[in-house]
Amino acid sequence: MLALDIKGLKKTYKNGFEALNGIDLQVKQGDFFGLLGPNGAGKSTTIGIITSLVTKTGGTVSVFEHDIDKSLSEAKRCIGLVPQEFNFNLFEKAIDIVVSQAGYYGVPRKKAQERAEYYLQKLGLWDKRNERSRFLSGGMKRRLMIARALAHDPKLLILDEPTAGVDIELRRSLWGVLEEINQQGTTIILTTHYLEEAESLCRNIAIIDNGDIIQNTSTKALLAELDSETFVFDIDPVAVYYPKLDGVQHRYVNDHTLEVDVRREDDLNQLFVQFSANDIHVKSMRNKANRLEELFVRLVGQPVPGVKVGGEHV
Amino acid sequence: MFNRYNWIAAGSIYRKEVVRFMRIWVQTLVPPAITMSLYFVVFGSLIGKRIGDMGGFNYMDYIVPGLIMMSVITNSYANVASSFFSSKFQRHVEELLVAPVPNGFILMAYVAGGVTRGILVGLLVTVVSLFFTDMEIHHLGIIVLVVVLTAILFSLGGMINAIFAKKFDDISIIPTFVLTPLTYLGGVFYSINLIPEFWQKVSLANPILYMINAFRYGFLGISDIDVVTALGLIGGFIVLLTGFNLYLLNKGIGLRS
């Protein structure tokens, strides 16, 4: 069964801006799906339409076979939303926010309180349950929005950049929670700017740009399209002549940092042979960006800021 | 439509509304009691003694129903207007918009919250008035009916105001420039029989005149307006404003992009 079935979805705002140009998108039940794209690509508009916060101009949207034009309430009942921006009452207690939200979905109060306790405990907020939400830290507010979205046990959880502004440790703990929720059967749709996050979590990915879906495939297949990766080598300071390497695109960022574009057919051993021959001593190496990020930049045509391509010192 | 889920949802919204105004009781419940006490002291006790009788009753007895009604009107209106607008402003109205709560139930719950605050403040003012006058009750049923219907009507009005409001100023314009003048000119402090005939006819276009007079009838048994006409008018306005509110909510005006 499809958790989400979008066909020919269009949105033109009153000012004439065409946010979506008739996109098609299918997400299978149980999937962990990533919806990626640059700012203004149409991700939040798509989510807004699915959750009925934005009215569509054309096309159809079905959530677990409930068409939002014909059976909106049933469709809504399946969805839990974690929006991009904080949107809870700043003067309410954390627990009241979660319990009320469950109530809006028709969950009886006693059961809503049990669920609130379960999710606040799970997300490490139980000790803060009686705090007014405005006194919570940014990370706690994010977790509160996740607890609120889960309060009615949705079949489809939509997260619009849930880890924006969250520190690395907390981000990874949230990944754990999301993976667990997904393993328990909840379908998850995630938009994120952290492509490492999408690569780690999502089994399938769609990339949206300028209101069109430009890629929609499995994460594995998408990464297979990547024909080269950029490695960053930390080297002992080189002499002023900056030795040239044969057969690879490379550039010296400074006298102790060298970037090399390594194609799939290239042999890293050969590269190290060249390093030795040119008296370049490598202290450490790393990927410049994660693989999905490299691919993303190429697909949406946005340059990596600060570095020119070629065999020149920049 | 009228299933258990929707009633639970409406109950959750209503509970949240009541908790909200009770949490800030110093801002919501105390000021009307103090303001009305001043009215009782200044207009009732001090000036009222010089005015003498009105409609066959001493001036204090005459103005008490109008002042109670004035506090009910302003508080039921303000509760819904400020609460719903705040939910738009802080964007937590989205909690409701993404949930499967029919718009009719959202409206009902917010109105119930406004009615509760309006009546609670009305009761407080009534208690305060007992320090200044021995209250008569001519017809309890009329009192209850008029106060509940009026609170519903002005809660609906507050909702419309909140839906259209884009900034906090927008929810104070109507109370300041429309409700207050209409209330003061709606027979709280005088009988329209005292004013020239032309202005009597102009006053008949003021809906608040009907509510205050019908309410006064419940206490004193006197009214400048036919009570049945007044009830019919309030009922008509309730139907009209309910329909308009539902139209706005269904269209998502001011709520959805």
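This structure is a prediction, so every number in the text was calculated from the model and none was measured.

(A) Here's a closer look at the pattern of salt bridges. Scanning all chains against the criterion turns up 16 salt bridges over all chains. Here Arg203(A) ties to Asp31(A) by a salt bridge, and the two come within 3.9 Å at their closest N and O atoms. Taken together, the residues Arg203(A) in the loop between helix H7 (195-201) and strand E9 (204-209) and Asp31(A) in the loop between strand E2 (18-28) and strand E3 (32-36) connect sequence positions 172 residues apart. Classification of Arg203(A) as partly exposed rests on a relative accessible area of 42%. With its nearest N and O atoms 3.6 Å apart, the salt bridge here joins Lys16(B) to Glu95(B). With Lys16(B) in helix H1 (residues 4-23) and Glu95(B) in helix H5 (residues 93-97), this pair connects stretches of sequence that are 79 residues apart. Its relative accessible area of 3% is what places Glu95(B) among the buried residues. What you see here is one network of salt bridges that share partners, running through Glu92(A), Arg148(A), Lys16(B) and Glu95(B).

(B) Quick peek at the environment of Trp25(B). All names here are of chain B. Secondary-structure assignment places tryptophan 25 in helix H2 (residues 25-28). Sequence spacing of tryptophan 25 and aspartate 226 is 201 residues, and the spatial spacing of their C-alpha atoms is 37 Å. Not counting the four nearest positions on each side in its chain, tryptophan 25 is found in contact with Val30 and Pro31.

(C) Examining the interface of chain B and chain A more closely. Taken together, the 22 residues of chain B in the interface contact 31 residues of chain A. Regarding the contact of chain B and chain A, the summed buried area is about 2,600 Å², with carbon and sulfur atoms giving 51% of it. It is Glu95(B), Val98(B) and Pro100(B) that lose the most area in chain B upon contact with chain A, and together they represent 25% of the buried surface on that side. Scanning the region where chain B abuts chain A turns up three salt bridges. At the junction of chain B with chain A, the criterion picks out 14 residue pairs in polar contact (both at pLDDT 80 or more). Elements represented by at least two residues in the side of chain B that touches chain A include exactly H1 and H5 of chain B. When grouped by side-chain class, the residues that make up the side of chain B that touches chain A number ten nonpolar, four polar and eight charged.

(D) View of empty space enclosed by the protein. Throughout the structure, instances matching the rule amount to three cavities of 30 Å³ or more. Forming the walls of the largest cavity are Leu53(A), Leu81(A), Pro83(A), Asn87(A), Gln101(A), Tyr105(A), Arg148(A), Ala149(A), His152(A), Glu94(B), Glu95(B) and Val98(B). For the lining of the largest cavity, the elements supplying multiple residues, two or more each, are helix H5 (138-150) of chain A together with H5 of chain B. Here the residues of the lining of the largest cavity sort into six nonpolar, three polar and three charged. In this structure, the second largest cavity is lined by Asp61(B), Val64(B), Pro65(B), Thr133(B), Asp134(B), Met135(B), Glu136(B), Phe219(B) and Leu220(B).

(E) Summary view of the nonpolar core. Val61(A), Val63(A), Leu67(B) and Phe84(B) are the most contacted members of the largest nonpolar core, which totals 113 residues. Here this core takes 16 residues from helix H4 (residues 59-89) of chain B, the largest share from any one element. Ranked by size, the runner-up nonpolar core spans 47 residues in total, among them Phe88(A), Leu125(A), Leu136(A) and Ile181(A).

(F) Just the domain arrangement of chain A, in detail. Once the domains are mapped, chain A shows domain 1 (2-218) and domain 2 (228-300). Between the C-alpha centres of domain 1 of chain A and domain 2 of chain A the distance comes to 39 Å.

(G) Spatial organisation of the packing of aromatic side chains. All told, the structure shown has 21 aromatic pairs over all chains when counted by the stated rule. The interplanar angle of 85° and the centroid separation of 6.0 Å between the aromatic rings of Phe233(A) and Phe272(A) together place this pair among those described as edge-to-face. On the criterion of sequence distance, the pair formed by Phe233(A) in strand E11 (residues 228-235) and Phe272(A) in helix H9 (residues 268-277) is long-range, its members being 39 residues apart. Given a relative accessible area of 0%, Phe233(A) falls into the buried group. On the numbers, 6.4 Å between centres and 55° between planes, the contact of Tyr39(B) with Tyr184(B) is tilted. With Tyr39(B) in helix H3 (residues 30-51) and Tyr184(B) in helix H8 (residues 170-184), this residue pair connects regions lying 145 residues apart in the sequence. With a relative accessible area of 11%, Tyr39(B) lands in the buried category. Tyr184(B) gets classed as partly exposed once you look at its relative accessible area, which sits at 30%.

Thresholds applied
- Residues numbered from 1 in each chain as written.
- Chains lettered and ligands numbered in written order.
- Predicted model: local features only at pLDDT ≥ 70, side-chain atom pairs only at ≥ 80, totals over all residues.
- Heavy atoms only, no water.
- Salt bridge = Lys/Arg side-chain N within 4 Å of Asp/Glu carboxyl O.
- Helix = DSSP H or I, 4+ residues; strand = E, 2+ residues; numbered from the N terminus.
- Buried < 20%, exposed > 50% of the residue type's maximum accessible area, 1.4 Å probe, protein only.
- Contact = heavy atoms within 4.5 Å.
- Buried area = accessible area lost by both parts, 1.4 Å probe.
- Polar contact = N/O pair within 3.5 Å; in protein donor to acceptor, adjacent residues only side chain to side chain.
- Nonpolar A, V, L, I, M, F, W, Y, C, P; charged D, E, K, R; others polar.
- 1 Å grid on protein atoms, 1.4 Å probe; cavity = no way out; pocket = protein on both sides within 12 Å on 5 of 7 lines; lining within 4 Å.
- Points joined across faces, edges and corners; volume = space filled by probe spheres on them.
- Core = buried A, V, L, I, M, F, W, Y, C linked by side-chain atoms within 4.5 Å.
- Domains from an automatic or database assignment.
- Phe/Tyr/Trp six-rings, centres within 6.5 Å; stacked < 30°, edge-to-face > 60°.

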